[in-house]
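# What the coordinates show
One letter stands for each residue in the lines below.
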Amino acid sequence: MSLRRFGIAAFALLAPLWNGGLALAEQRFPPPEFETGYKMPAITTPAPRGLAMEYVDVAVLVTALGVAAWLVHRKRSRRGLIVLSLFSLVYFGFYRKGCICPIGAPQNVAYGLFNPDYAIPVTALAFFLVPLLFSLFSGRTFCSGVCPHGALQDLVLIKPVKVPLWLEQGLSIVPYIFLGAGVLFAATGAGFVICRFDPFIPLFRMTGSFFILCLAGGFLLTSLFVGRPFCRFLCPYGALLRLGSLVSKWRVRITPDYCTQCRLCEQSCPFGAIREPLVATANPAALAPDRRRLGWLLLLLPVLIAVGAWGGSKLSVPASRLHPTVALAEKYLDPKKPAPTPGSATPETLALTRADENAEAILTTAAAVRRKFDVGGWWFGGWVGLVVGLRLVSLSTRTARADFEPDRGSCYACGRCYLACPNERVRVGLLSPAEAAGLNANRAASRVAASART
Amino acid sequence: MTAPTVSSPPPPAADPTALRALRQTVLVIAALCGLAVLLLLVQHLRSQADDPLKSPQLLALKQQLLAEPKNEALKQQIRLLDLDLRRSHVRDVAFNAFGAWFVLVGVVVLVFAAKGIARFRVVLPSPHASPDAAERVAVTALRARRVTVGVAAITGVAFLVLALPAKTRLPSSPAGVDKVLAKLRGEGEDAPPLPSPAEFAANWPRFLGPSGAAFVTNAAFPLAFNLASGEGVLWRTPVPAPGFNSPLIWSNRVFLSGGDATNRSVFAFDLTTGTQVWQRAVANVPGSPAKPPEVPDSTGFAASTMATDGRRVFAMFANGDLATFNLDGSPVWSKNLGVPKNQYGFATSLAIWQGRLLLQYDQGEPENNLSKLIAFDGATGRVIWQKPRPVGQSWATPVVYEVAGKPQIATLAGELVIAYSVADGNELWRAQMLSGEITPSPIFAGGLVVAISPSDQLFAIKPDGAGDVTKSHVVWKTDENVPDVTSPVSNGELVFAVTSSGTVTCFDLKDGKKLWEHECELEVSSSPAIAGDRVYVFGTKGGMAVLAAAREARELAKADLAEGVLASPAFARGVMVVRTVKTLFCVADKGGPVLEAKRP
Ligand code: SF4
């Protein structure tokens, strides 16, 4: 296409941008007129969304989770999961605007637990618990095709770049830290930071602050080349699902039958979740340094918790400023606060005037919030120490594996690896059993070789 | 182990035309999306200035409108600018919505096309033997541990960066909050103690004196004096700025305020010598209107008498400026309360109770709901409470007194006498006794609130009622010789009222019975005052009469000051201080004022 033709096309397509908003406004303070007898319509408030619809959301969630579990474990259908992802993206994402969603639900739960005046909505509780319960049986089926955030990232993935496993494993503590922060701010009533900094909600709603839209754009661009960056490196609910899927009853299996160790699936996972076989070391003496390290790390664990808790306790002042009442109280006590301007007050000076009139109530509430942060800071810091310590411990242990298989915590059950396995291809009729026979021979040969080495 | 082999379906053969078409689609869509994002960014930056809520131009015009509420051209300009800004805002919103949809659709097409290209480029797996799994796992784990430690270190540094510079004035303990609140109220440990009731009574800290009835027991100064010759006059000094407010006396200082549309100031004079000790302009008050309101000359900008709590002096002006200074003239706080909507100009004087400054801020018509009673913390200017008042503009000054150990403030406006609790501003009682334009102030004497409905009735209310006490607590009322401007005064036994034509009438405080009346032949617009057994009445044309504060009429002295008096006199420390339209003078015997050892 020549540059000129491109220019004309671009102009034609983008021209409506300039005319997109004709002058639609009316004078807000029209001069009074008494002739036409026009009556100003009464201001009406739209009715809230019916409660029944919230139960519909829960029903859709449960159904989608059931379908996802069936597609992952029984049908083993990547195509089915793509269709389900599209549905979830449209329903939970663009139709329900990303709210309600399990990612933010831990905050509702934390807020409800620490603020007796707030009754957790049943739907919020269901959205928090149901995917977790499913993870105990079928792994991260929520991530596979029900989560709109995951679906969006998964569907736009074009050319996955391999993130080194060590980097991925090292960064895997970040979602837990984010989860801790989300719970801290929610429990203290400061706000739902997980929702506030959710990069995909603005995409679903097609609006948002400049900062958050840039963040959304950044995540979307990254998702084209890095598989599920938000799920892997930030999602706090994914951190919980990871724990659930570690002990899940059914786990994702690449092969429907048995692993021939052909290695054909090795590179098929865009999320680096496939682990190669690892035989236990035969010589116990070789394990001594590893055991010593593990011992030291176990001893270090309480120290890390204590240091983290102490550090967290120092955060109460800056962290509590995210609470609007604390921020107002701090501003009010600041000698350099802006002076009130009667007549044309700004929201800030209006708030300060309000503080001036209710100083006692505002300072008392702010101090109560600060006390919550004093305590919450210890817990949050301790949590960070615990997460770091446990991660170091887990990175110092080895899991022996006989076959190529997905890491239980890291696998999003997306089903991409299924068809990389020749046995799966035989199962679905893409390969004849005869063609796969050689592989079985290879497996027998590799077993003999392995036993010869040991 | 040898690399296993398996036959796998080959990727679709790369059709060069299809591939090229897909490639071009990706390029075009990517360029269009990039361009759209760029336009949206430019639009975002451009639209910042058009925010209808933040437009500096609109805010400035609105501010100007406060000073010129009747400027129709200005109103029209605001309407048009507001319309313009919102039109442009609506355009921006529509632009953003279209842009967002454009980018969304573009991204969907882009992803589809790119996936199409990716299908042509499938790289088939070619696995090969990789025997050192254990070693790879060990190296990976080692590096992962390092990354974990790195993340932990970054988190720790973030903790430090956030925590170290964080200073706060907000305590977390309830005791700490109490301390901060006490400090805000000016009751902190470092705050000087407020003056004792005896110290308060020894001075003239507000309009109508410490008792609120314009009465002091002491009249040690000479009865006869001559302003022109200086006989009996301790000192005289020109009044530096116009104003109808009355002087205050605290310790060895005399305070008054003055000013006009352009300048407004507070002045302090030495009580012994009359020299001006300091003058402070009330300027740069936050929120003060750039253009002062129009105020009739008959009221002026400084009609409100100041007040002092013994630690600070407070002054109020007709443009809504409220300013506070320490006794040495250092400014403490100032604020503008919004230009009061008052037909004749704001004239209500300030009231004081311990460390609290009380302001009856009545304005407009009752239905405007603009009037309120505000209690400020004297030390900080913080509003301790404020209560809306169901009345319109008024000019009377409220009186503060104690009933059964609890302070009350009685206010007059519209048809109502309303008393509030000084502690929390809650209404205690009200009586429907008034009519007309309320100028005379209420007083408290002999356990009764005595007030005037201008040219209508003088009445006394027992202030221990609750709710509507119109029928239950009015002790007496009389309609004889009722003034229309001046306030009544009382020595606790007798009540004196002066009409504008100079008729002084004496009533028995107990039952309101008229005891006598006396023609002073003066035009009077300032409230009289009682020093010991003398009632002082000053005329607007320079005449003065002194009557006996007794059950029989007796004129003790008469004089011509040659200068009209529109303010009430102040008595304290054995002296009388009077503000005429031109001069401030002090009448005292040769010993001068009786001052305590410690001076401010
Ligand atoms: S299902 Fe397979 S491809 Fe998908 S995340 Fe799990 S291991 Fe990776």
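Residues numbered from 1 in each chain as written. Chains lettered and ligands numbered in written order. Predicted model: local features only at pLDDT ≥ 70, side-chain atom pairs only at ≥ 80, totals over all residues. Heavy atoms only, no water.

### As for the pairing of strand β13 (residues 372-377) of chain B
All names here are of chain B. Counted residue by residue, β13 has 5 buried out of 6 residues, so it is predominantly covered. Direction of pairing for strand β12 (residues 356-361) relative to β13: antiparallel, over a ladder of 6 bridges. Paired with R356 across the bridge in β13 is D377. In this sheet, strand β14 (residues 383-388) lies alongside β13 in antiparallel orientation, the contact comprising 5 bridges. (Buried < 20%, exposed > 50% of the residue type's maximum accessible area, 1.4 Å probe, protein only. Helix = DSSP H or I, 4+ residues; strand = E, 2+ residues; numbered from the N terminus. Pairing = 2+ DSSP bridges.)

### Here's the deal with the interface of chain B and chain A
At the junction of the two partners, chain B supplies 88 residues and chain A supplies 95 residues. Summed over both partners, the interface of chain B with chain A comes to about 7,700 Å²; 72% of that surface belongs to carbon and sulfur atoms. Three residues, B:R145, B:F159 and B:L170, lead the burial of chain B against chain A; their summed loss comes to 9% of the area buried on that side. Where chain B packs against chain A, one counts 1 salt bridge. Linking chain B with chain A are 11 residue pairs in polar contact (both at pLDDT 80 or more). Contributing elements (two or more residues each) for the side of chain B that touches chain A: α1 (16-47), α2 (56-67), α3 (72-120), α4 (133-163), α5 (174-184), β10 (331-336) and β14 of chain B. Class assignment of the residues belonging to the side of chain B that touches chain A gives a composition of 54 nonpolar, 20 polar and 14 charged. (Contact = heavy atoms within 4.5 Å. Buried area = accessible area lost by both parts, 1.4 Å probe. Salt bridge = Lys/Arg side-chain N within 4 Å of Asp/Glu carboxyl O. Polar contact = N/O pair within 3.5 Å; in protein donor to acceptor, adjacent residues only side chain to side chain. Nonpolar A, V, L, I, M, F, W, Y, C, P; charged D, E, K, R; others polar.)

### Remarks on the packing of helix α15 (residues 288-313) of chain A against helix α19 (residues 359-394) of chain A
Axes are the key here: two packed helices are described by the angle between their axes and the distance separating the axes. Residues and elements named next belong to chain A. Interhelical geometry of α15 versus α19 gives an angle of 155 degrees and a closest axis separation of 6 Å. It follows from the interaxial angle that α15 and α19 lie roughly antiparallel. Here the hand of the crossing between α15 and α19 comes out right-handed. Contact with α15, carried on its side by L294, L297, L298, L301, L304, I305, G308, A309, W310, G312 and S313, involves G377, W378, G381, G382, G385, L386, V388, G389, L390, L392 and V393 of α19 and no other residues of that element. Looking at the contact of α15 with α19 residue by residue, the class counts come to 14 nonpolar, 8 polar and no charged. (Axes fitted to C-alpha atoms, helices over the stretch in contact; angles between N-to-C directions. Parallel < 35°, antiparallel > 145°, perpendicular 65-115°, else oblique. Left-handed = near helix turned anticlockwise from the far one by under 90°.)

### Overview of the pattern of salt bridges
Residues and elements named next belong to chain A. A complete count under the given rule lists 33 salt bridges over all chains for this structure. Measuring nitrogen to oxygen at the nearest pair gives 3.6 Å for the salt bridge that ties R398 to D290. In this pair, R398 sits in the loop between α19 and β2 (405-406) while D290 sits in helix α15, placing the two residues 108 residues apart along the sequence. Connected via shared salt-bridge partners are R78, D154, R228 and R416.

### Thoughts on the side chain of B:S349
Residue and element names in this part refer to chain B. Its location among the elements puts S349 in the loop between β10 and β11 (351-353). With a relative accessible area of 3%, S349 lands in the buried category. Within the local environment of S349, its side chain forms a polar contact with the backbone nitrogen of T305, the two atoms lying 2.9 Å apart. The contact partners of S349, leaving out residues within four places of it in the chain, are F207, S304, T305, T397 and P398.

### As for unusual backbone geometry
Residue A:I100 is reached from A:C99 by a cis peptide bond, and omega for that bond is 15 degrees. Locating A:I100 in the fold gives a position in the loop between α3 (78-95) and α4 (105-114). The backbone of B:A404 sits at a positive phi, close to 50 degrees, despite the residue not being glycine. Tracing the backbone shows B:A404 in the loop between β15 (399-403) and β16 (406-413). When its relative accessible area of 79% is taken as the criterion, B:A404 is described as exposed. Of note, B:R573 is a non-glycine position whose phi angle comes to about 55 degrees, a positive value. Positionally, B:R573 belongs in the loop between β32 (570-572) and β33 (575-579). For B:R573, a relative accessible area of 13% gives the class buried.

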